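Per-entry structural report
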Amino acid sequence: PSTTQAELQRLREENEMLKSLVRNAPAAFVSLDLNRDVQIWNHAAERIFGWREDEVLGRPLPHIPVHSQEQTRELHKQVVSGKSLRDIELNRMTKAGNAVRVSLSTSPLRDFNNNVIGLVGVYDDFGERSALEDAVPQIPFRGLVEQSLVGLYIIQDDLFQYVNPRFAEMFGYTQSEIANEQIGRAHV
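Here's what I pulled together on the structure shown here. (Residues numbered from 1 in each chain as written. Predicted model: local features only at pLDDT ≥ 70, side-chain atom pairs only at ≥ 80, totals over all residues. Heavy atoms only, no water.)

Quick notes on the overall build of the protein chain
- Counting its regular elements, the protein chain contains 8 helices and 7 strands.
- Taking all 188 residues of the protein chain together, 34% fall into the buried category.
- Accessible surface, the protein chain: about 11800 Å² in total, of which carbon and sulfur atoms supply 53%. (Helix = DSSP H or I, 4+ residues; strand = E, 2+ residues; numbered from the N terminus. Buried < 20%, exposed > 50% of the residue type's maximum accessible area, 1.4 Å probe, protein only. Areas by Shrake-Rupley, 256 points an atom, 1.4 Å probe, with all protein chains shown as cover.)

So, the sheet that holds strand β5 (residues 116-124)
- Read across the open sheet, the 5 strands follow the order β2-β1-β5-β4-β3; overall the sheet is antiparallel. Each edge of the sheet is formed by a strand with only one pairing partner; in this case those strands are β2 (38-41) and β3 (85-93). Averaged over all neighbouring strand pairs, the angle between strand axes comes to 30°, with direction disregarded.
- Pairing of strand β4 (residues 99-110) with β5, which is carried by 8 bridges, proceeds in the antiparallel orientation. Pairing of L109 across the sheet is with G118, part of β5.
- Of the strands in this sheet, β1 (28-33), β3, β4 and β5 touch helix α4 (residues 69-80), which is tilted by about 150° from β3. (Pairing = 2+ DSSP bridges. Axes fitted to C-alpha atoms, helices over the stretch in contact; angles between N-to-C directions. Contact = heavy atoms within 4.5 Å.)

Focus on the nonpolar core
- Counting 23 residues, the largest nonpolar core has V30, W41, F49, L61 and Y123 as the members making the most contacts within it.
- At the level of secondary structure, the elements contributing two or more residues to this core comprise β1, β2, α2 (43-49), α4, β3, β4 and β5.
- Apart from residues no more than four positions distant in its own chain, Y123 is found in contact with A27, A28, V30, I48, F49, L61, H63, R92, V102, S103 and L104.
- If you look at the next biggest cluster of nonpolar residues, it comprises 5 residues, including F160, F167, A168 and I178. (Core = buried A, V, L, I, M, F, W, Y, C linked by side-chain atoms within 4.5 Å.)

A closer look at α4
- Here α4 contains 12 residues, and its C-alpha end-to-end distance of 17 Å stays within 8% of the 16 Å for a straight helix at 1.5 Å per residue.
- Those residues of α4 lying buried are T72, L75, H76 and V79. Taken around the axis of α4, the buried residues stretch over an arc of 100°, which confines them to a single face. Opposite the packed face of α4, turned more than 90 degrees from it, sit the exposed residues E70 and K77.
- Remark: G82 follows α4 within two positions and exhibits a positive phi of approximately 115°. (Expected span 1.5 Å × (residues − 1). Arc of directions from axis to C-beta.)

A closer look at the pattern of salt bridges
- By the definition in use, this model includes 8 salt bridges.
- In this structure, R52 engages D54 in a salt bridge whose closest nitrogen and oxygen atoms are separated by 3.0 Å.
- R52 gets classed as partly exposed once you look at its relative accessible area, which sits at 44%.
- A relative accessible area of 52% places D54 in the exposed class.
- One salt bridge connects E55 with R52, and the closest N-O pair in it is separated by 3.7 Å. (Salt bridge = Lys/Arg side-chain N within 4 Å of Asp/Glu carboxyl O.)

Honestly, it's all geometry; don't read function into it.
Next up, the structure:
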C-alpha cells in the first residue's frame, strides 16, 4: 500500500518528538551497538559525565573506570543475550576524573525483526543525591538553603561537607565535585 504525504508527515513528527524526548529526558540515556560503541548520548549524560555528545558518538563509553572494564563487558554480554537489568549500582567517572555513583537500568535494543542490535541504558546519578541527603537533613530550613541565591557551605575537619547548588554554580562545579574536597585542594 502506498503511503500518503499526511502519513509521512505524521511519521516525521513522531520521530522528531521521540528524538526530542530522549535528547531532553531528565535521566541519562545511552545506547550502545553490539561493538559497545555509543550510538545515543543525551543531554543528561553530558551533564552527569561531562563529555559532549560529539566526543562520544561512535566510540566506547568514556566513563568506565579501568577497574570496572571486565564488569562492564559482562553486563553488556548479559544484555545483548536478551536479559534486562535493573537498578545496578555502579561507580563511573566524569570527564574531569571525578568518581560518580550511578544506578543503571539497561535492556536489549531490538530491530523490527526482534533481533538484538545493541542496548539502551538509563543512568540515575544518585551519588550526588545521596551525598546531599547525608549532609542536608542536618541543615535547618533545608528548602531555603537549597534554593538560596547565595552560595552556602558547611566545612567540617577542613573538608567541604556540603555546598548548596548556588555555591557550586558560582565556581562552575557540581555539588558532588566539591563535596568532601579539602579546603586547600578545592578549586574554589
